[in-house]
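Structure assessment
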Amino acid sequence: MSTIFKKILDGEAPASFVYRDDRVAAFMDIQPVNPGHVLVVPIEPVELLHELDDDTCGRMMQVARAISLAIRRSGIPCEGVNLLMADGEAAGQEVPHVHLHVFPRLAGDGFGLKFAPRYYKLPPRADLDAAASQIRAALESP
Ligand code: 5GP
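Our subject in this report is the structure included herewith. Because the structure is predicted, anything quoted here is derived from the model rather than measured.

Thresholds applied
- Residues numbered from 1 in each chain as written.
- Predicted model: local features only at pLDDT ≥ 70, side-chain atom pairs only at ≥ 80, totals over all residues.
- Heavy atoms only, no water.
- Helix = DSSP H or I, 4+ residues; strand = E, 2+ residues; numbered from the N terminus.
- Buried < 20%, exposed > 50% of the residue type's maximum accessible area, 1.4 Å probe, protein only.
- Expected span 1.5 Å × (residues − 1).
- Arc of directions from axis to C-beta.
- Contact = heavy atoms within 4.5 Å.
- Polar contact = N/O pair within 3.5 Å; in protein donor to acceptor, adjacent residues only side chain to side chain.
- Patch = residues over 30% accessible without salt bridge, like charges linked within 9 Å, V, L, I, M, F, W, Y side chains within 5 Å.
- Areas by Shrake-Rupley, 256 points an atom, 1.4 Å probe, with all protein chains shown as cover.
- Salt bridge = Lys/Arg side-chain N within 4 Å of Asp/Glu carboxyl O.
- 1 Å grid on protein atoms, 1.4 Å probe; cavity = no way out; pocket = protein on both sides within 12 Å on 5 of 7 lines; lining within 4 Å.
- Points joined across faces, edges and corners; volume = space filled by probe spheres on them.
- Near = heavy atom within 4 Å.
- Sits in = over half its atoms within 2 Å of the grid points.

Our next topic: the environment of Ser68. Mapped onto the elements of the fold, Ser68 is located in helix α2 (residues 54–73). Take Ser68: its relative accessible area is 12%, and that puts it in the buried class. Sequence separation between Ser68 and Leu83 is 15 residues; the distance between their C-alpha atoms is 8.5 Å.

Right, let's talk about α2 for a bit. If you check α2, its first and last C-alpha atoms are 29 Å apart, about what 20 residues at 1.5 Å a residue would give, namely 28 Å. Within α2 the residues assigned to the buried category are Thr56, Met60, Val63, Ala64, Ile67, Ser68 and Ile71. On an axial view of α2, the arc spanned by its buried residues comes to 145 degrees, and they lie on one face. When the buried face of α2 is taken as reference, the exposed residues oriented beyond 90 degrees from it are Asp54, Asp55, Arg65 and Arg73. At its buried positions, α2 is contacted by β1 (17–20), β2 (24–28), β3 (38–42), β4 (80–84) and β5 (100–105). By the N-cap criterion, in which a side-chain oxygen at the helix start approaches the backbone nitrogen of a residue two or three places on, α2 is capped by Asp53, the distance to Asp55 being 3.2 Å. Gly75 sits one or two residues past α2 and shows a positive phi near 95 degrees.

This next bit is on a nonpolar patch on the surface. Taken together, the side chains of Leu113, Phe115, Tyr119 and Tyr120 make up a nonpolar region of the molecular surface, amounting to roughly 500 Å² of accessible area. With respect to the secondary-structure elements, Leu113 resides in the loop between β5 and α3 (125–140).

Another point: the side chain of Thr3. Within the secondary structure, Thr3 is located in the segment before α1 (4–9). Non-local contacts of Thr3, meaning those with residues more than four positions away in its chain, are made with Val95, Pro96 and His97.

Okay, the layout of surface pockets next. Volume-wise, the largest pocket comes out at about 670 Å³. Considering the residues around the largest pocket, the lining is formed by 30 residues, among which Phe5, Asp29, Leu39, Glu94 and His101 are closest to the centre. At the level of elements, α1, β2 and β5 are the ones that each hand at least two residues to the lining of the largest pocket. If you tally residues by element for the lining of the largest pocket, the top one is α1, at 3 residues.

Contacts to the ligand come from 16 residues, most closely from Met28, Asp29, Glu94, His99 and His101. Within the backbone of Gly92, a nitrogen or oxygen atom sits 3.1 Å from an oxygen atom of the ligand. Protein chains shield 83% of the accessible area of the ligand, which is 520 Å² for the free molecule. Taken atom by atom, the bulk of the ligand overlaps the largest pocket.

Here's what the structure looks like:
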């Protein structure tokens, strides 16, 4: 599937790049949460995180870490940094090409996550143990 990010990576749509290597690129988000909002994107146009190979996945996090530090050093207002990935449409992914948001945060900047009322009632330990068991089993399966 051709997405806007594929077009940007292929030079067919404009973007303000901050980094590019053989596996990963980073450019400014067109609609920043705060000034300095960067998207770290694999060159390979895959939709979901688990479709990425280990090296590219690792490179994305290395580049995100470097950009996080660069934002802090850049002079752009920054009191903290969020790294955020929406992996799948239900998780809020709008562009079906893996990307990691790296953006500066400022106290009172208005960005936040919204929680359902049930979030505020902690689940019983048995529920956490059951979920952990399910995930462990899935981790161990080939
Ligand atoms: P998502 O909601 O999928 O996690 O994030 C998609 C991001 O892509 C949004 O923050 C949105 O502003 C950004 N975006 C959408 N279209 C473009 C574009 O044409 N250029 C750039 N640089 N960013 C885009």
